Amino acid sequence: MIIITFGTFDLLHIGHIKILERAKSLGDKLIVGVSTDKFSIEKKNRKPVYSENERKKILESLKFVDEVFFEESFDKKREYIKKYKADIFVMGNDWNGKFDEFNDICKVKYFDRTPSISTTQLIEKISQV
Ligand code: C2G
């Protein structure tokens, strides 16, 4: 079973690790679409702290991540799912229901987010040190 998930994964933290680990536990291969800097800025209205190449390399270093590619936009999702022949598409439930349209080509699963941690909170906490 091939699992696919997407995200910016900036300042990788335990919330990211948990969803990636749970995603991998559903199958044999986990493919991650890491958002390009340009797409991340469109989504979050701020530049990621780590560049797209750094975020890609950090994800590639995780033992439960098998392949990482650059996610350029929301509307290429169907193309990515088909290209990587994903059986299951995993996202955190902050996206609950948002990707159900892809249920015709794969199983869409939403996992609970890890509470009280986010990249934005981390940046705020670090800037107060
Ligand atoms: N996440 C989580 N718990 C947190 C923070 C994040 O489970 N405390 C999950 C998110 O739900 C998401 C993944 O980690 O599934 C990556 O989070 P982000 O880097 O914030 O990704 P996002 O901006 O939601 O990008 O096309 C989809 C988008 O690229 C998703």
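These lines cover the structure that appears in this document, whether it is placed above or below. These numbers come from a predicted model, not from an experiment.

This part is about the nonpolar core. Counting 17 residues, the largest nonpolar core has Leu20, Leu30, Val32, Leu59, Leu62, Val65 and Val90 as the members making the most contacts within it. Elements supplying a minimum of two residues to this core: helix 1 (14-24), strand 2 (29-35) and strand 4 (88-92). Here the element with the most residues in this core is helix 1; it accounts for 4 residues. Residues within four places of Val32 in sequence aside, it is in contact with Thr5, Phe9, Leu20, Leu59, Val65, Glu67, Val68 and Phe69. Core analysis: the next-biggest nonpolar cluster, separate from the first, contains 15 residues, Ile31, Ala86, Val108 and Tyr110 among them.

Before going further, it helps to spend a moment on the site of the ligand. Among the 21 residues in the neighbourhood of the ligand, the closest are listed as Lys44, Glu71, Lys77, Asp94 and Ile117. At 3.0 Å, a backbone N or O of Thr8 approaches an oxygen atom of the ligand. At 2.8 Å, a backbone N or O of Thr114 approaches a nitrogen atom of the ligand. Coverage of the ligand by the protein chains reaches 96% of its 640 Å² of free accessible surface. Counting only elements with at least two residues in the shell around the ligand, the list comes to strand 1 (2-7), helix 1, helix 2 (37-44) and strand 4. The element best represented in the shell around the ligand is helix 1, accounting for 3 residues. In terms of residue class, the shell around the ligand is built from 7 nonpolar, 8 polar and 6 charged.

Attention now goes to the side chain of Ser40. Checked against the element boundaries, Ser40 lands in helix 2. Residue Ser40 is classed as buried on the basis of its relative accessible area, which comes to 1%. If near-sequence neighbours (up to four positions away) are discounted, Ser40 is found in contact with Thr8, Ser35, Asn45, Arg46, Pro48 and Arg55.

Either a parallel or an antiparallel arrangement is found when strands of a sheet pair, and the pairing is made through backbone hydrogen bonds. Taken together, the 5 strands give an open sheet; going across it, the order is 3-2-1-4-5, and neighbouring strands pair in parallel fashion. One side of each edge strand has no neighbouring strand; the edge strands of this open sheet are strand 3 (67-71) and strand 5 (107-111). Strand-to-strand twist in this sheet, taken as the mean axis angle between neighbours without regard to direction, amounts to 25°. Against the sheet, helix 1 engages strand 1, strand 2, strand 4 and strand 5, with an angle of about 145° to strand 2. Its contacts with the sheet place helix 2 against strand 1, strand 2 and strand 3, and it is angled at close to 70° to strand 2.

Within helix 1, the full set of buried residues consists of Gly15, His16, Ile17, Ile19, Leu20, Ala23 and Lys24. In this structure, the buried side of helix 1 is in contact with strand 1, strand 2, helix 3 (52-60), strand 4, strand 5 and helix 5 (119-127).

Thresholds, definitions, all that
Residues numbered from 1 in each chain as written. Predicted model: local features only at pLDDT ≥ 70, side-chain atom pairs only at ≥ 80, totals over all residues. Heavy atoms only, no water. Core = buried A, V, L, I, M, F, W, Y, C linked by side-chain atoms within 4.5 Å. Buried < 20%, exposed > 50% of the residue type's maximum accessible area, 1.4 Å probe, protein only. Helix = DSSP H or I, 4+ residues; strand = E, 2+ residues; numbered from the N terminus. Contact = heavy atoms within 4.5 Å. Near = heavy atom within 4 Å. Polar contact = N/O pair within 3.5 Å; in protein donor to acceptor, adjacent residues only side chain to side chain. Areas by Shrake-Rupley, 256 points an atom, 1.4 Å probe, with all protein chains shown as cover. Nonpolar A, V, L, I, M, F, W, Y, C, P; charged D, E, K, R; others polar. Pairing = 2+ DSSP bridges. Axes fitted to C-alpha atoms, helices over the stretch in contact; angles between N-to-C directions.

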